[in-house]
Amino acid sequence: MDGMITEIERFALNDGPGIRTTIFFKGCDMRCAWCHNPETIHGGRDLHDYARNCIRCYKCVYACPSKAHKRIDGEHRFFPNLCIKCGKCAQVCYAGAMVMSGERMTVESVMAQVVQDKPYYDDSRGGVTLSGGEVLCQQAFAMAITDACHAQGIRVGLETNLNKPFDDIAPLLSKADLIMCDLKLMDSEAHRKWTGTGNETVLDNLRRLDSLNVPYIVRTPVVPGATDSDENIAAIAAFLKPCRNLTYYELLNFNPLGQPKYESLSLPNAFAGVKPLPKARMQELLALAREAGIQARADA
Ligand code: SF4
Ligand code: SF4
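As the structure is a prediction and not an experimental result, all values here were calculated from the model.

**Q** Explanation requested: the pattern of salt bridges in the structure shown.
**A** Pairs can form between side chains of opposite charge once their charged atoms are near each other. In this structure the tally under the stated criterion is 17 salt bridges. Here Asp 117 and Arg 10 are joined by a salt bridge, their closest N and O atoms 2.8 Å apart. Of this pair, Asp 117 sits in the loop between helix H3 (107-114) and helix H4 (118-124) while Arg 10 is found in strand S1 (residues 2-12), placing the two residues 107 residues apart along the sequence. When its relative accessible area of 2% is taken as the criterion, Asp 117 is described as buried. Judged by its relative accessible area of 33%, Arg 10 is partly exposed.

In structure tokens form, the structure reads like this:
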């Protein structure tokens, strides 16, 4: 069994409780305009071109079987239309100008990295987080990693958009030790505008999540001009009020760190130059959420 992974991040502190290893799955069925991991959207391999890092060593010119790299007038030029995404240029580009995202990994090769930090998980009540991209787009692989972790006594958290029918995803969700899911917008048309899909499936899943008896955290990425209205946050908090196994609701301030990745992948970036919300505004929204009578927190 193998799957497509962009990165395995050890000693992660922000993807669930304790010290964790986060495994980033590649491929997503939503198109959130503010995504800060745009390299995880597409299910196949992607080549980043960080041209500013180029030191003109021209190793890529010799490594590329498709002649997608050329030396022209003493400059490095990259022709993405010729690229077959073999990754050979990235292997020789020590300057970090060409970087490949996406590697097929077996469960065994993932676990070989995961088990190295087991003492840290045990000491901190941490574990492994399956993230993305969207874990539910590679469900069989996620299930196999979850089973392999449990066989080693390692707890597993799932980060998910919950955008698949409940009966299809319940077997995986019910194996998790913690579910971290997003609810971005209560208005379905706005949800469609900003993520490419309506929110009906997500809301239906959230209504049914309690039946699994797995603790879960619901999070809203607070994105200026998209999800940050009083109405949206108050409506989400009211929706979550009856959720019995909800550990807490969390407001996550807009994360601009993915902006260079858009440029490197030649992707349009609807939030170029946008800054996170001021702390005071995050606190206002947090107070609004708490008014609904739910446990809530904010990351800034
Ligand atoms: S290998 Fe990297 S640093 Fe060297 S010329 Fe190619 S892109 Fe530039
Ligand atoms: S990924 Fe392969 S085909 Fe594409 S530019 Fe690099 S070496 Fe050439």
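**Q** Any chance you could explain the site of ligand 2 here in plain terms?
**A** Close contacts around ligand 2 come from 15 residues, with Cys 64, Cys 83, Cys 86, Gly 87 and Cys 89 the closest. Classifying every residue of the shell around ligand 2 by side-chain character gives 10 nonpolar, three polar and two charged.

**Q** In this structure, what is going on with the nonpolar core? I would like to understand it.
**A** In summary, soluble globular proteins display a tendency toward joint burial of nonpolar side chains. In terms of nonpolar packing, the biggest core is built from 68 residues, with Ile 23, Leu 130, Ile 145 and Tyr 249 touching the most fellow members. Every residue in contact with Ile 145, bar those within four places of it in the chain, is listed here: Ile 23, Phe 25, Val 107, Val 110, Met 111 and Leu 130. Listed in part, the 11 residues of the second largest apolar core include Leu 47, Cys 89, Ala 97 and Met 98.

**Q** Can you help me understand the site of ligand 1 in this one?
**A** Around ligand 1, the structure places Cys 54, Ile 55, Arg 56, Cys 57, Tyr 58, Cys 60, His 76, Cys 93, Ala 95, Ala 97 and Met 98. Of the residues that constitute the shell around ligand 1, the class distribution is nine nonpolar, one polar and one charged.

**Q** Teacher, can you tell me more about the packing of aromatic side chains here?
**A** Given two aromatic rings, one states the distance between the centres and the angle between the planes to describe the pair. Using the criterion set out here, one finds six aromatic pairs in the structure. The interplanar angle of 70 degrees and the centroid separation of 5.1 Å between the aromatic rings of Phe 11 and Tyr 120 together place this pair among those described as edge-to-face. Placement of the pair is Phe 11 in strand S1 and Tyr 120 in helix H4, with a sequence separation of 109 residues. Its relative accessible area of 41% is what places Phe 11 among the partly exposed residues. Since its relative accessible area comes to 40%, Tyr 120 is described here as partly exposed.

Analysis parameters
- Residues numbered from 1 in each chain as written.
- Chains lettered and ligands numbered in written order.
- Predicted model: local features only at pLDDT ≥ 70, side-chain atom pairs only at ≥ 80, totals over all residues.
- Heavy atoms only, no water.
- Salt bridge = Lys/Arg side-chain N within 4 Å of Asp/Glu carboxyl O.
- Helix = DSSP H or I, 4+ residues; strand = E, 2+ residues; numbered from the N terminus.
- Buried < 20%, exposed > 50% of the residue type's maximum accessible area, 1.4 Å probe, protein only.
- Near = heavy atom within 4 Å.
- Nonpolar A, V, L, I, M, F, W, Y, C, P; charged D, E, K, R; others polar.
- Core = buried A, V, L, I, M, F, W, Y, C linked by side-chain atoms within 4.5 Å.
- Contact = heavy atoms within 4.5 Å.
- Phe/Tyr/Trp six-rings, centres within 6.5 Å; stacked < 30°, edge-to-face > 60°.

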